[in-house]
Amino acid sequence: MNVTLSSDQYNALNELEYWYRKGSHQFIDVSGPIYTGLWDALQVFLEYVGLDPREVMYLSYDQRTVLELAYNRYHGYYIYGKLYKYDRNVDLDSIPVINPHSTHLSYTWTKRIRQKIDKRYRLIVVLDASLLNGRMLWDLSKYGLPVVLLRDPYLLPDADSYIYTREPNVFLEEPSERMARNPVHTLAYSVMHDKRLTVGSFQSANVIRRKDLHMYNLKSSSMNLVYTQEMRNIINDAYRSTMKRNPIYTYANERVYVADSHYQEILVNTIEKKVKVYLQKGMTGTLTKVNRHAAITRYVPCEFQPDYYHEPFTELVLDRDYLLHRETKSRQLIPDDVVKFEYAYALTPQLARMNHWDDVTIIMEQVQEFDEKLAKLMSYTAITRAIRSVTVVL
């Protein structure tokens, strides 16, 4: 790989090579913000030790990243789908045929680790590893392969993150030459190093005042990010009102966020069978079809297409009470499996951390409950969700 490495990248390369050659322990934790070029250092390491791309298994929480890896001929997998199999355990007493007093089928999901992976793999690389919990680390260790944990120290962690508070084996902070040319990464660097954001346009990174914000800015973005649920609700309502949506109905072409996981819903690519998309919590997309319904109807058949995939999930049933934040006394039979959606014309950084979008608009807010460190992590996480361009509203 023909890139100019920074001193931090050279250090990471040496540490990785020594760890891989000596094999003293199974895991190595490599930490670095997005602007340090962690991916470039990893690819140089793989070339240096002579690993074929087909011998490396990449795992990620971000399904868009997984699809991009697959497109570039890397062996990338959604971490939950690759590590585990899910079984649905139905409560027999909830089956209406057995219990006439039961109103709906009740069940729970249990997961079990897959016992085997492809024998070609000689190395596992976990992206966004700061979201890993202790149980998943233990399960990864059972495969007996060396594991590289790549994590961004400034990404908002999950509540049960295991390694976030632990010291990494290797830490990168120096901006790499290639990443420094990316305006989005430069903006993220500025936020974490207390550099004041100034109003202006810096190629694909723009900073504007609140008074200059128009609905056009929000509509032209792939995703809008805000810091509080209150502001998120305001933007969702404002967005729907400009589309002349009657608030008591649900329409096709609405932007939504998946609020719970459905392990049995999987899209399999017709050309490459190993490429799969899972209907999981955190996914965003569009309701491509919604059956006609009355205002009081709670359960409505629909179809949902993820932002980054060409096919929709079909034969789904959405819960309109959950979507509209209301409670009705529905007389409908409760379907076996109901999807909980939320409107997604805006998200908070916590909800967005397992996603990326091409163009992102961020409305920064002063929140009294946030200390200085949390405020910086929120801003950094929001900015780094952008792939192509970002607009920050002060």
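(A) Region of interest: the nonpolar core. Counting 34 residues, the largest nonpolar core has Leu-187, Leu-225, Leu-347, Ile-362, Val-390 and Val-392 as the members making the most contacts within it. Elements represented by at least two residues in this core include exactly α7 (183-192), β10 (205-208), β11 (223-226), β19 (357-363), α12 (372-383) and β20 (386-393). In terms of nonpolar packing, the next biggest core, distinct from the first, is built from 26 residues, Val-275, Val-277, Leu-318 and Val-339 among them.

(B) View of the sheet that holds β11. Across the sheet, which stays open at both edges, the five strands sit in the order β9-β10-β20-β19-β11 with mixed pairing between neighbours. Every interior strand has two partners, whereas the edge strands, β9 (200-202) and β11, have only one. Within this sheet the neighbouring strands show an average axis-to-axis angle of 15 degrees, counted without direction. Bridging between β10 and β20 involves four bridges; their strand directions are parallel. What sits directly across from Ala-205, in β20, is Val-390. Packed on one face of the sheet, α7 meets β9, β10 and β20 and runs near 50 degrees to β20.

(C) Here's a closer look at α12. With 12 residues, α12 ought to run about 16 Å at 1.5 Å a step, and its terminal C-alpha atoms sit 17 Å apart, in line with that. When α12 is considered as a whole, its buried residues turn out to be Lys-376, Leu-377, Met-378, Ser-379, Tyr-380, Thr-381, Ala-382 and Ile-383. Looking at the buried positions of α12, the neighbouring elements they touch are α7, β11, α11 (349-352), β19 and β20. A side-chain oxygen of the first residue of α12 lies 3.3 Å from the backbone nitrogen of Lys-373; this N-cap is Asp-371.

(D) Geometry of the sheet that holds strand β1 (residues 27-31). Taking strand neighbours across the sheet as the criterion, the six strands line up as β3-β2-β6-β7-β1-β8 in an open arrangement whose pairing is parallel. Either end of the sheet is taken by a strand with one partner, and the two such strands are β3 (75-78) and β8 (170-171). In the sheet, strand β6 (residues 123-126) pairs with strand β7 (residues 147-151) via three bridges, with the strands oriented parallel. Considered in β7, the bridge of Val-125 is made with Val-148.

(E) Geometry of unusual backbone geometry. A positive phi angle is found at Glu-315, which is not glycine, with a value near 55 degrees. Examined against the element boundaries, Glu-315 turns out to sit in strand β17 (residues 313-319). Unusually for a residue other than glycine, His-325 sits at a positive phi of about 55 degrees. You can see His-325 is positioned in the loop between α10 (320-324) and β18 (341-343). A relative accessible area of 64% means that His-325 is categorised as exposed.

(F) Expanded view of empty space enclosed by the protein. Under the definition given, this model contains one cavity of 30 Å³ or more. If you add up the space inside the largest cavity, you get close to 90 Å³. Around the largest cavity, the lining residues are Tyr-61, Asp-62, Gln-63, Tyr-78, Gln-280, Lys-281, Gly-282, Met-283, Tyr-308, Met-354 and Asn-355. Its residues assigned to classes, the lining of the largest cavity shows five nonpolar, four polar and two charged.

(G) How the structure looks around the pairing of β11. What you see with β11 is no split at all: Met-223 and Leu-225 on one side and Asn-224 and Val-226 on the other are buried throughout. Alignment of β11 against β19, held across four bridges, turns out to be parallel. When the bridges of β19 are listed, Val-226 appears paired with Ile-363.

(H) The arrangement of the pattern of salt bridges in detail. Counted by the stated rule, this structure contains 22 salt bridges. Here Arg-298 ties to Asp-321 by a salt bridge, and the two come within 3.6 Å at their closest N and O atoms. Here Asp-321 lies in helix α10 and Arg-298 lies in the loop between β15 (284-290) and β16 (299-306), a separation of 23 residues in the sequence. Using a relative accessible area of 23% as the deciding quantity, one classes Arg-298 as partly exposed. The class of Asp-321 is buried, set by a relative accessible area of 5%. Each of Arg-298, Asp-319, Asp-321 and Arg-326 takes part in salt bridges that share partners, so that together they form one network.

Rules behind the numbers
- Residues numbered from 1 in each chain as written.
- Predicted model: local features only at pLDDT ≥ 70, side-chain atom pairs only at ≥ 80, totals over all residues.
- Heavy atoms only, no water.
- Core = buried A, V, L, I, M, F, W, Y, C linked by side-chain atoms within 4.5 Å.
- Buried < 20%, exposed > 50% of the residue type's maximum accessible area, 1.4 Å probe, protein only.
- Helix = DSSP H or I, 4+ residues; strand = E, 2+ residues; numbered from the N terminus.
- Pairing = 2+ DSSP bridges.
- Axes fitted to C-alpha atoms, helices over the stretch in contact; angles between N-to-C directions.
- Contact = heavy atoms within 4.5 Å.
- Expected span 1.5 Å × (residues − 1).
- Polar contact = N/O pair within 3.5 Å; in protein donor to acceptor, adjacent residues only side chain to side chain.
- 1 Å grid on protein atoms, 1.4 Å probe; cavity = no way out; pocket = protein on both sides within 12 Å on 5 of 7 lines; lining within 4 Å.
- Points joined across faces, edges and corners; volume = space filled by probe spheres on them.
- Nonpolar A, V, L, I, M, F, W, Y, C, P; charged D, E, K, R; others polar.
- Salt bridge = Lys/Arg side-chain N within 4 Å of Asp/Glu carboxyl O.

That is the geometry; function is a separate question.
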